[in-house]
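# Coordinate analysis (summary)
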Protein chains: 2
Amino acid sequence: MTVTDDNDRHAEKMRKIQAARARMMQSKTVERGLVIVHTGTGKGKTTAALGMVCRMIGHGMKVSIIQFIKGAMETGEQAVFDAFPDLVEMRPLGEGFTWDTQDRERDIAKVREAWEAAKARILDPEWKMVVCDELNIALRYDYLPVEEVLAVLAARPADTHVVITGRNAKPELIEAADLVTEMGLVKHPFRSGVKAQAGVEF
Amino acid sequence: MTVTDDNDRHAEKMRKIQAARARMMQSKTVERGLVIVHTGTGKGKTTAALGMVCRMIGHGMKVSIIQFIKGAMETGEQAVFDAFPDLVEMRPLGEGFTWDTQDRERDIAKVREAWEAAKARILDPEWKMVVCDELNIALRYDYLPVEEVLAVLAARPADTHVVITGRNAKPELIEAADLVTEMGLVKHPFRSGVKAQAGVEF
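Residues numbered from 1 in each chain as written. Chains lettered and ligands numbered in written order. Predicted model: local features only at pLDDT ≥ 70, side-chain atom pairs only at ≥ 80, totals over all residues. Heavy atoms only, no water.

## Quick notes on the confidence of the model for chain A
- Chain-level pLDDT for chain A is 84 on average; 82% of the residues reach the 70-or-more range.
- Confidence, expressed as mean pLDDT per element, reaches its minimum in chain A at helix H4 (residues 98-101) of chain A with 57 and its maximum at helix H7 (residues 146-154) of chain A with 98. (pLDDT = per-residue confidence, 0-100. Helix = DSSP H or I, 4+ residues; strand = E, 2+ residues; numbered from the N terminus.)

Below, the structure written as structure tokens:
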């Protein structure tokens, strides 16, 4: 077999993939707001939400980010958000991880406060994306009934995206979502003594 | 059992988690550049890299983004990058998916061009993060020898982060990486006829 044969076979294979892909894309015609869930024990759940926020900003669409549990999304990315004050707001309503507060009733009150803010924005057509960061943790601890969240998602404007992050997403939420990604941990530098670093973790 | 008992047990449990976490974090003292791999068939590989780029920008650290295969990272996020011209550059050296080109030799030449640009930045201490977007695809098709990539990673400055995305990461790369996340597809809206949308996919 010559190099030319090899290249020809490659071109033929790529033509087939291209044609199959074009057929698939033609069948995708619906444009609507999505419920997007990032779950799993790996990294990247909040970070990927942040990447989508970037894209929304670039398209001139308004985004609200509500922090449910940790106050982590505020150091690095804040400077970027500050450059687009008309397009993005971040409300860090949570006050650190639950294992730092040790007060269940206070945690529930804080989650309720964050949820009321999220709900107002999800139902307001002005906001095109609402990120409920770490909402899954609040749902998992039953700080907020999942039924209440599902009812608000169902009532949202047709073109509003809602992104919900956090490990242990409830099955009811996965069922209601359009796009669910499970971030799996394959390897983590903490195992070799590396600490959380600027740019990567915060 | 009373509500008070329930709250006390919760507080005790959270105290234990908090203490265990504090012990773990104390052992994490190393700060150094990481090799980060985002792989898997799910969404969020490039998007999570983009989120890290945001954080780096916020910390005032320079980032270079090299596109190996698709020219996708350029619509939404470009506006954000344009706001920080001194901190971020994006070089879309790839020219669309391989199934659109059907020319293996041209693809290899394009990958080589992108890799030479990436290599120069990885070895230059001025750049604190280099994102090699979709490099895994190029490695998978053997457009570039993985040994060459590993040698450059090993030779990089101590505080440089390199982020490599794309499905089917080579085992040799996973072995060499510090942080590996597998983005798994749980549910995708394409299945119900929804097309790629601004803010979410691009």
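Text resumes after the structure shown.
## What to know about the sheet that holds strand S6 (residues 179-187) of chain A
- Pairing within the open sheet is mixed, and its 12 strands lie in the order S3(A)-S2(A)-S4(A)-S5(A)-S1(A)-S6(A)-S6(B)-S1(B)-S5(B)-S4(B)-S2(B)-S3(B). Single-partner strands in this sheet number two, and they are strand S3 (88-91) of chain A together with strand S3 (88-91) of chain B. Averaged over all adjacent pairs, the angle separating strand axes in this sheet is 15°, with direction ignored.
- Each of strand S2 (63-67), S3, strand S4 (129-133) and strand S5 (161-165) of chain B is contacted by helix H5 (residues 104-123) of chain B, which is oriented at about 165° to S2 of chain B, the strand it contacts most. (Pairing = 2+ DSSP bridges. Axes fitted to C-alpha atoms, helices over the stretch in contact; angles between N-to-C directions. Contact = heavy atoms within 4.5 Å.)

## Side note on the packing of aromatic side chains
Residue and element names in this part refer to chain A.
- Under the criterion given, the structure shown has 2 aromatic pairs over all chains.
- Residues tyrosine 141 and tyrosine 143 carry aromatic rings whose centres are separated by 5.5 Å and whose planes lie at 20° to one another, so their mutual orientation is stacked. Each member of the pair tyrosine 141 and tyrosine 143 is classed as buried.
- The side chain of lysine 62 reaches across the aromatic face of tryptophan 127, ending 4.3 Å from its centre. (Phe/Tyr/Trp six-rings, centres within 6.5 Å; stacked < 30°, edge-to-face > 60°. Buried < 20%, exposed > 50% of the residue type's maximum accessible area, 1.4 Å probe, protein only. Lys NZ or Arg CZ within 6 Å of the ring centre and 35° of its normal.)

## A short note on H5 of chain B
All names here are of chain B.
- Under the 1.5 Å per step criterion, the end-to-end length of H5 is 28 Å for 20 residues, consistent within 8% with the ideal 28 Å.
- Within H5, the full set of buried residues consists of Asp107, Val111, Ala114, Trp115, Ala117, Ala118, Arg121 and Ile122. Summarising the axial view, the buried residues of H5 lie within an arc of 165°, below the 170-degree limit, and thus occupy one face. (Expected span 1.5 Å × (residues − 1). Arc of directions from axis to C-beta.)

## A closer look at unusual backbone geometry
Residue and element names in this part refer to chain B.
- The phi dihedral of aspartate 142 falls on the positive side, at around 55°, and the residue is not glycine.
- Of note, the phi angle at asparagine 168 is positive, near 55°, even though the residue is not glycine.
- Mapping asparagine 168 onto the fold places it in the loop between S5 and helix H8 (171-176).
- When its relative accessible area of 39% is taken as the criterion, asparagine 168 is described as partly exposed.

## Section: the environment of glutamate 105 of chain B
- Relative to the assigned elements, glutamate 105 of chain B resides in helix H5.
- Through-space distance from the C-alpha of glutamate 105 of chain B to that of tyrosine 143 of chain B is 9.0 Å; in sequence the pair is 38 residues apart.

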